[in-house]
Amino acid sequence: TETVAPAVDLVLGASACCLACVFTNPLEVVKTRLQLQGELRARGTYPRPYRGFLASVAAVIRADGLCGLQKGLAAGLLYQGLMNGVRFYCYSLACQAGLTQQPGGTVVAGAVAGALGAFVGSPAYLVKTQLQAQTVAAMAVGHQHHHQSVLGALETIWRQQGLAGLWRGVGGAVPRVMVGSARLAPFASAKARGQKQQAVAAVMTPFDVVSTRLYNQPVDGTGKGQLYGGLADCLVKIWRQEGPLALYKGLGPAYLRLGPHTILSMLFWDELRKLAGRGLHQGS
């Protein structure tokens with residue numbers, strides 16, 4: 001791949017992942033609904049409007065129309081732009097500084113870059129999750145926040161919970177993205193190993209479920225979550241009240257999303273970097 005400046009990688013990485021998001025957002029909607037279904041209730045004690053991947057896709061379309069599969073897209077694009085812009089920028093800086101040439105450097109650089117990206121993009125992911133969970137009463141799972149738009153949601157959260165409210169749930173998002181960011185290391189060769197990348201879903205999904213729950217839970221007048229006190233509390237409550245397999249709710253769409261999203265992001269990123277690199281060479 002062409003060598004470009006970290007600032008250019010920020011723009012290219014964000015753009016590539018936003019393009020991929022357009023194609024994979026429907027899987028995010030289905031995953032969010034499955035992860036919220038039966039929240040803190042024992043298996044078999046609650047209705048299941050979403051059953052499996054294909055049936056869940058059909059259920060979303062019946063409840064929200066075909067456009068329902070793109071719920072939260074604007075927030076998703078904002079999240080991908082913020083998170084991946086920071087992530088690619090920081091990783092590119094690490095590469096430029098030679099840190100990735102050290103033993104284990106690529107994994108560490110990817111994890112740190114992912115953590116920083118997750119923190120910066122957390123408000124957008126918060127709104128994305130809440131918008132994707134919203135649906136008609138008969139098909140509702142999890143708490144319903146009733147936002148009208150991305151900006152309206154951000155304004156409501158800011159007004160009711162303060163600045164800290166925009167980062168509620170970040171404790172679940174950071175480890176989730178850190179795990180996934182180990183994929184930054186083999187970016188150049190991953191196109192030939194796309195199926196291996198999907199194995200990351202098995203490690204990411206418990207953090208993904210926790211992240212969805214933390215972001216979507218209702219809050220009291222002080223902005224404190226009414227269901228979970230944080231990452232560890234959420235993990236324990238899900239395990240005890242729903243069983244250990246509940247930590248893998250939404251694994252199907254998560255698995256199906258990870259491969260295409262990774263490969264599309266890398267393809268777009270590689271091509272954009274090549275174009276940027278050629279432009280810089282021609283201009284010099």
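Residues numbered from 1 in each chain as written. Predicted model: local features only at pLDDT ≥ 70, side-chain atom pairs only at ≥ 80, totals over all residues. Heavy atoms only, no water.

This paragraph deals with helix α2 (residues 53-64). Between its terminal C-alpha atoms α2 stretches 16 Å, which fits the 16 Å expected from 12 residues at 1.5 Å a residue. Those residues of α2 that sit buried are S56, V57, A59, V60 and A63. Projection of α2 onto a plane perpendicular to its axis shows the buried side chains occupying an angular sector of 160°, all on one side. Turned more than 90 degrees off the buried face of α2, the exposed positions are L54 and R62. (Helix = DSSP H or I, 4+ residues; strand = E, 2+ residues; numbered from the N terminus. Expected span 1.5 Å × (residues − 1). Buried < 20%, exposed > 50% of the residue type's maximum accessible area, 1.4 Å probe, protein only. Arc of directions from axis to C-beta.)

Moving on, we come to unusual backbone geometry. Not every positive phi belongs to a glycine, and L40 is a case in point at roughly 55°. Mapped onto the elements, L40 comes out in the loop between α1 (6-36) and α2. Residue classification places L40 among the buried residues on the basis of a relative accessible area of 18%. At H146, a position not held by glycine, the phi torsion is positive, near 60°. Classification of H146 by relative accessible area gives exposed; the value is 59%.

A few words now on the pattern of salt bridges. Overall, the coordinates contain 11 salt bridges when judged by the stated rule. R257 is the salt-bridge partner of E28, the closest N and O atoms lying 2.8 Å from each other. Here E28, found in helix α1, pairs with R257, found in helix α10 (residues 251-283); they are 229 residues apart in sequence, far enough to count as distant. By relative accessible area, which is 10% here, R257 ends up buried. In this structure, the salt-bridge partner of D208 is K31, at a minimum N-O distance of 3.0 Å. In this pair, D208 sits in helix α8 (residues 200-216) while K31 sits in helix α1, placing the two residues 177 residues apart along the sequence. We classify D208 as buried; its relative accessible area is 4%. (Salt bridge = Lys/Arg side-chain N within 4 Å of Asp/Glu carboxyl O.)

The subject of this paragraph is the packing of helix α4 (residues 105-133) against helix α5 (residues 150-161). Where α4 contacts α5, the axes come no closer than 10 Å and their chain directions differ by 110°. When the interaxial angle is binned, α4 and α5 end up roughly perpendicular. Once α4 is placed against α5, the crossing between them reads as right-handed. Residues P123, L126, V127, Q130 and L131 of α4 touch α5, and the partners they reach there are V150, A153, L154 and I157. Tallied by class, residues from the contact of α4 with α5 come to eight nonpolar, one polar and no charged. (Axes fitted to C-alpha atoms, helices over the stretch in contact; angles between N-to-C directions. Parallel < 35°, antiparallel > 145°, perpendicular 65-115°, else oblique. Left-handed = near helix turned anticlockwise from the far one by under 90°. Contact = heavy atoms within 4.5 Å. Nonpolar A, V, L, I, M, F, W, Y, C, P; charged D, E, K, R; others polar.)

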